[in-house]
Each structure stands twice: as C-alpha cells, then as structure tokens.
Amino acid sequence: MKDLARFPSPQKLLCAAAAALAIAWAPSAAAEANAAYPQRPVRVVVPYSAGGNTDIIAREVMRRVADKLGQPFVVDNKPGGNSIIGTDIVAKAAPDGYSLLIVIGAYANNFALYKKLPFAPTDLAPVTQLTKTSLVLVTARPAAGAPRQLASLGNDSAAPLTYASSGMGSAAHILSERFVRAAGMTATQHVPYKGTTDAVSDLLSDRVGFMFDAVSAMGPHIKSGKLKALAVTGENRSPVLPDIPTMREAGYPDMVAYAWAGLLAPAKTPQPIVERLAATTAEVLKDPELVKKLASISTEPVGSTPAQFGQFIRSESESNGKLIQSLGVSFD
C-alpha cells in the first residue's frame, strides 16, 4: 500500500493531462485567431486633418487593404500637438491589431524635438513604410532661376534670405536647413508657419524667399506661373514636373530626400497580425490604379517589411535628431 501512495491519484492524473492539453492547444488557437484576423472593423488613426497628403494616402491604401481582408479599415483623423495626440491614442490602445496609426517624418523627429513625450518608441511596432514623396523647391524671386542662383541670395547679411516651412521641426524645415548648409549660405532666416496654407500665401507675395513642399500642394501655383519650381528632391524627376531637374542634377548630390508615410501598431501586437498587415499592404501598393494615383502627387509606393521599416525609422530619428539638436530646436 505504501508503494501505491507514491503514484498520483486518478484525479491528479486527469488534471495534469488537461493542463498539458491546454498548453498544446494554446499556440494553435492563437495562430488560428491571428489567421482569422480581422474579425471586426479596424481603426486607423491619422494624426492630421482630413484632406491633406497624409490623409489621402491613408484612405487610398486602407480602402484596398479592407477589400483584401474583408473588414472595414476606418480612417479616424485626430490632428493636434504635432501628431502627438493621435500617436498617443494608438500607443495606449490594446495590442490586438484593431488600432493602427499612420505616421510621417514628424513622428521620427518628435523624439528629438520633445524631451518629454507621453509615449516611447518602444510603445509602437513598425508594420510597413507605405510611400515616399518627392518635394519641390519653389520661389517667387525673379533673380532665382536655379537652386544655385537662389543660394547666392543667401549671403547678404543686410537682407537675409528667408524660407518658409509648415512648422518648426517639420520635414520642410529640416530639408531647408540641409539646403542652407549644403549651399554654404551665411545669411538666412527661418519663418515657421502653423501650416502650409499661410506659408504659401506669403511665398506667393514674396514675403519669404523659398520653400520645400509637396508637388501636389505647389503644382497649381507652378502651373499658373506664380511660383517657379527650381528642383525636386527625389532620385528621379517628378512625372508631374518632368522638365524640372532633381537637386542632384542641380549640383547638390546629398540633397536626395523624401517625405514619407508609414503604418504602426501598438507594441506587443501579435507578430502574425503585423506580418499579415505588412504583406497585404505591400500587395495593394502594387495595384496599377493606386500606383497611378500616387504618381499624380509625385509619390511612390514602398511596402517594406516590419524589420526594414523599423530600421528606416531609427535611421531617420538619428540623422534628423542630430540636425535638430545642432539647431537648438526644442518644444519643451
């Protein structure tokens, strides 16, 4: 009888077997749930106002992702705080794949612009880079017919060459500073605005000397002759402005740059869901109709892997962060 006492009771054996079965079943159940994703509408937060380039890109891409995955992907505009408000919403959302975030260059720059943010880079997981957009250098100055001619105006300390941007630390601001340094200008002044509209108004009236911005925003003014397009920042010429040289062709080989948009999810979102989102998005970005629509705003599809997009964001944060720090720009 003593030997029999050494063996577990039938009840304990049943409990152990049930526990082992539960452990064996759990991964397959999780995999099955991820494979069935999504089972309800997905919220896609755009931390900018409706109607802008970022919003247009988000809606065009997410509509096609929804068609592929069989559930609505609902774009929710949450502007404000230099994209911080919308970003924080998703950073604190449940990591289940039903809250996603569209980001642009400001996301990478904010970690250098703000000492205190309500979220950390580790609170969000990269999914994929959606697009890259070539910008255009524009001016209303009669004496500037090329980037070098414009740059020559930036050395008169009695009349500094002013340049506009849609805000401190914005992609246009960073790009303008790169141009100032690459051209060796010694007398310039940054004039930040709260958005593109007011900046363009002063640019058209020649109150400011130049600006970098999206071709889609500047196209009508270029076409009307009110602004001169001097160069585009992409590796290749814009299909919208085929006669305008690239910055590289204009003599600035290090001025290849793009605005960009990408997709993030809350950290700890199951990797199979992240991978499925990335693969589906990459697939829809090859849609000829979408490629054509993006080309009309000088935008190219990307569709990178989560790992590639994560590395890209780190590189952007590091390179732009160094420039921001050297400028002494801080919003805290």
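Calculation notes
Residues numbered from 1 in each chain as written. Predicted model: local features only at pLDDT ≥ 70, side-chain atom pairs only at ≥ 80, totals over all residues. Heavy atoms only, no water. Helix = DSSP H or I, 4+ residues; strand = E, 2+ residues; numbered from the N terminus. Buried < 20%, exposed > 50% of the residue type's maximum accessible area, 1.4 Å probe, protein only. Contact = heavy atoms within 4.5 Å. Areas by Shrake-Rupley, 256 points an atom, 1.4 Å probe, with all protein chains shown as cover. Expected span 1.5 Å × (residues − 1). Polar contact = N/O pair within 3.5 Å; in protein donor to acceptor, adjacent residues only side chain to side chain. Axes fitted to C-alpha atoms, helices over the stretch in contact; angles between N-to-C directions. Parallel < 35°, antiparallel > 145°, perpendicular 65-115°, else oblique. Left-handed = near helix turned anticlockwise from the far one by under 90°. Core = buried A, V, L, I, M, F, W, Y, C linked by side-chain atoms within 4.5 Å. Phe/Tyr/Trp six-rings, centres within 6.5 Å; stacked < 30°, edge-to-face > 60°.

**Student:** Any chance you could explain the overall build of the protein here in plain terms?
**Tutor:** Along the protein, the regular secondary structure elements total twelve helices and ten strands. Expressed as a percentage of the 332 residues in the protein, the buried residues total 46%. Long-range pairs, those at least 24 residues apart, make up 78% of the contacts in the protein between residues at least 6 apart in sequence. Put simply, the protein shows about 16,100 Å² of open surface, and 57% of that area lies on carbon and sulfur atoms.

**Student:** Looking at this structure, I do not really get helix H10 (residues 271-284). What am I missing?
**Tutor:** Within an α-helix, residues lying three or four positions from one another point in the same direction, as the helix has 3.6 residues per turn. Spanning 14 residues, H10 covers 20 Å between terminal C-alpha atoms, matching the ideal 20 Å at 1.5 Å per step. All of the buried residues in H10 are Ile273, Val274, Leu277, Ala278, Thr280, Thr281, Ala282 and Val284.

**Student:** How should I be thinking about helix H5 (residues 105-113) in this particular structure?
**Tutor:** With respect to burial, H5 is a largely interior element, seven of its nine residues being buried. Looking only at H5, the buried set comprises Gly105, Ala106, Tyr107, Ala108, Asn109, Asn110 and Leu113. In the core, the buried residues of H5 are packed alongside helix H4 (84-91), strand E3 (99-104), strand E4 (124-139), helix H7 (171-183), strand E9 (258-266) and helix H12 (306-327).

**Student:** What am I meant to see in the side chain of threonine 299 here?
**Tutor:** Examined against the element boundaries, threonine 299 turns out to sit in strand E10 (residues 299-301). Looking at threonine 299, its side chain comes within polar contact range of the main-chain oxygen of isoleucine 297, at 3.2 Å. The contact partners of threonine 299, leaving out residues within four places of it in the chain, are Ile57, Thr131, Lys132, Thr133 and Leu294.

**Student:** Just to check I follow, could you spell out unusual backbone geometry for this structure?
**Tutor:** Leaving glycine out, the prevailing phi sign among residues is negative, and the prevailing peptide bond configuration is trans. Tyrosine 37 connects to proline 38 through a cis peptide bond whose omega is -5°. Considering the arrangement of structural elements, one finds proline 38 in the loop between helix H2 (10-35) and strand E1 (42-46).

**Student:** Is there a simple way to explain the packing of helix H3 (residues 53-69) against H10 in this structure?
**Tutor:** Helix-helix packing is described using two parameters, namely the angle between the two axes and the distance between the axes. The contact between H3 and H10 brings their axes to 9 Å, and the two run at 115°. Viewed along their axes, H3 and H10 adopt a mutual orientation that is roughly perpendicular. Judged by the twist between their axes, the crossing of H3 over H10 is right-handed. Contact with H3, carried on its side by Val61, Arg64, Val65, Lys68 and Leu69, involves Arg276, Leu277, Thr280, Thr281, Glu283 and Val284 of H10 and no other residues of that element.

**Student:** What should I look at first to understand the nonpolar core in this one?
**Tutor:** In terms of nonpolar packing, the biggest core is built from 29 residues, with Tyr37, Val61, Phe73, Leu100 and Leu277 touching the most fellow members. Elements supplying a minimum of two residues to this core: E1, H3, strand E2 (73-77), E3, E4, E9, H10 and helix H11 (288-295). Of all the elements, H3 adds the most residues to this core, at seven residues. Other than its neighbours up to four places away in sequence, tyrosine 37 contacts Val42, Phe73, Asp96, Gly97, Tyr98, Leu100, Ile273, Arg276 and Leu277. By size, the runner-up hydrophobic cluster in this structure holds 21 residues, among which are Val103, Leu113, Ile174 and Phe309.

**Student:** Got a minute to help me understand the packing of aromatic side chains in this structure?
**Tutor:** Each aromatic ring pair is characterised by the separation of its centres together with the angle its planes make. With the rule as written, the count across this model stands at twelve aromatic pairs. Here phenylalanine 179 and tyrosine 252 contribute two aromatic rings whose centre-to-centre distance is 5.4 Å and whose plane-to-plane angle is 80°, an arrangement assigned as edge-to-face. Of this pair, phenylalanine 179 sits in helix H7 while tyrosine 252 sits in the loop between strand E8 (228-232) and E9; the two residues are 73 residues apart in sequence, bridging distant segments of the chain. Seen from their ring centres, phenylalanine 210 and phenylalanine 212 are 6.4 Å apart, and the 90° between their planes marks the pair as edge-to-face. Since its relative accessible area comes to 0%, phenylalanine 212 is described here as buried. Grouped by ring-pair contacts, the aromatic residues Tyr163, Phe179, Phe210, Phe212 and Tyr252 constitute a single cluster.

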